[in-house]
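In case you want the letters, here they are:
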Amino acid sequence: MIRTKSEDAVSPVIGVMLMLVVTIVIAAVVAVFASGVGMDAEPAPATAVDVVDISDGYYDNTPYGYADWTVEHSVTLNCLYGDTLDLSKISMNIFMNRYGIEYIIEIPQKSIDGTISAGETKKLLLPSDASNIDMISEGYPVEKIVIFYGNHKIAEKEHMTVSCEYRVEYTE
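Residues numbered from 1 in each chain as written. Predicted model: local features only at pLDDT ≥ 70, side-chain atom pairs only at ≥ 80, totals over all residues. Heavy atoms only, no water.

1. A word on a nonpolar patch on the surface
The following threshold applies: Only residues whose relative accessible area exceeds 30% and that form no salt bridge are eligible for patches; like-charged ones are grouped when within 9 Å, while nonpolar side chains (Val, Leu, Ile, Met, Phe, Trp, Tyr) are grouped when within 5 Å. For the accessible areas, the method is Shrake-Rupley and the probe is 1.4 Å, while residue cover comes only from the protein chains on display. Counted as salt bridges are all cases of a side-chain nitrogen of Lys or Arg within 4 Å of a carboxyl oxygen of Asp or Glu. The helix count covers DSSP runs of H or I at least four residues long, the strand count covers runs of E at least two residues long, and both are numbered beginning at the N terminus.
Residues Val13, Val16, Met17, Met19, Leu20 and Ile24 make up a contiguous nonpolar surface patch of roughly 620 Å² in combined accessible area. Turning to its location among the elements, Leu20 is positioned in helix H1 (residues 10-35).

In structure tokens form, the structure reads like this:
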């Protein structure tokens, strides 16, 4: 009896391997789309925003000129064109270097109220409890301010100097 070499076993093994590979690829694609990887929950706003100023402001609202100064830090934005922005969705990072030490001041979402519309310039008061907020002082350099709307960067400005504003608001 002469035996001939049979290749019947090779074909089913290759078929099973191909089915496994196709199944794994399909499962991976479905998992990526189901998890939302690479998809933003909210589209970027169609808006152009410019950072105009960063300020270390002092105001007094006491009678008869008694100096009881309150400090407020602010960033002024100019909405050049586009959609109205809900300021509660804005967050920002302010990068400063004082005396060779790097500081990052992080302003989280929901720290600022209101809206800003096309053609409008608005001073945004920064929360007094933000980390390193006291590093914003008149005359000191700011390396960079980055403004985010949700997860989208909408503005960035480099090489600014902190300005200062004094005002008295008391009326009888």
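After presenting the structure, the write-up continues.
2. Considerations on the nonpolar core
This is how the line gets drawn: Buried Ala, Val, Leu, Ile, Met, Phe, Trp, Tyr and Cys residues that are joined via side-chain atoms within 4.5 Å together make up what is termed a nonpolar core. For every residue, the accessible area (1.4 Å probe, protein chains only) is compared with the maximum for its type, and the residue is labelled buried under 20%, exposed over 50%, or partly exposed between those bounds. Throughout, a residue-residue contact means that at least one pair of heavy atoms, one from each residue, lies within 4.5 Å.
Ile54, Leu77, Met92, Ile94, Ile136 and Ile147 are the most contacted members of the largest nonpolar core, which totals 30 residues. Elements represented by at least two residues in this core include exactly strand E1 (47-60), strand E2 (70-82), strand E4 (90-98), strand E5 (101-107), strand E8 (141-149) and strand E9 (152-161). When sequence neighbours within four positions are dropped, the list of residues in contact with Leu77 reads Val49, Asp50, Val51, Val52, Ile90, Ile116, Glu120, Thr121, Lys122, Leu124 and Ile147.

3. Focus: the packing of aromatic side chains
This is how the line gets drawn: Put simply, two rings from Phe, Tyr or Trp (the six-membered ring, in Trp's case) pair if the centres are within 6.5 Å, and we call them stacked under 30 degrees between planes, edge-to-face over 60, tilted for the rest. Lysine NZ or arginine CZ positioned within 6 Å of the ring centre and within 35 degrees of the ring normal marks a charge as sitting over the ring.
Tallied over the full model, the rule gives one aromatic pair. Over the ring of Tyr140 we find Arg98; its NZ or CZ atom is 3.7 Å from the centre of that ring. Over the ring of Phe95 we find Lys144, and its NZ or CZ is 5.2 Å from the ring centre.

4. Focus: the side chain of Thr76
Mapped onto the secondary structure, Thr76 falls in strand E2. Those residues in contact with Thr76 that sit more than four places away from it in its chain are Asp50, Val51, Val52, Asp53, Thr121, Lys122 and Lys123.

5. Structural notes on the sheet that holds E4
Worth spelling out the cut-off: In this description, strands pair whenever DSSP reports at least two bridges between them. To obtain an axis, a line is fitted to C-alpha atoms, over the contacting stretch when the element is a helix, and the angle between two such axes runs from 0 to 180 degrees between their N-to-C directions.
Taking strand neighbours across the sheet as the criterion, the four strands line up as E5-E4-E8-E9 in an open arrangement whose pairing is antiparallel. Of all strands in the sheet, those with a lone pairing partner are E5 and E9, marking the two edges. Within the sheet, the average angular offset between the axes of one strand and its neighbour, ignoring direction, is 15 degrees. Summarising the sheet, E4 and E5 pair through seven bridges and their orientation is antiparallel. Along E5, the bridge assignment pairs Met92 with Ile107.

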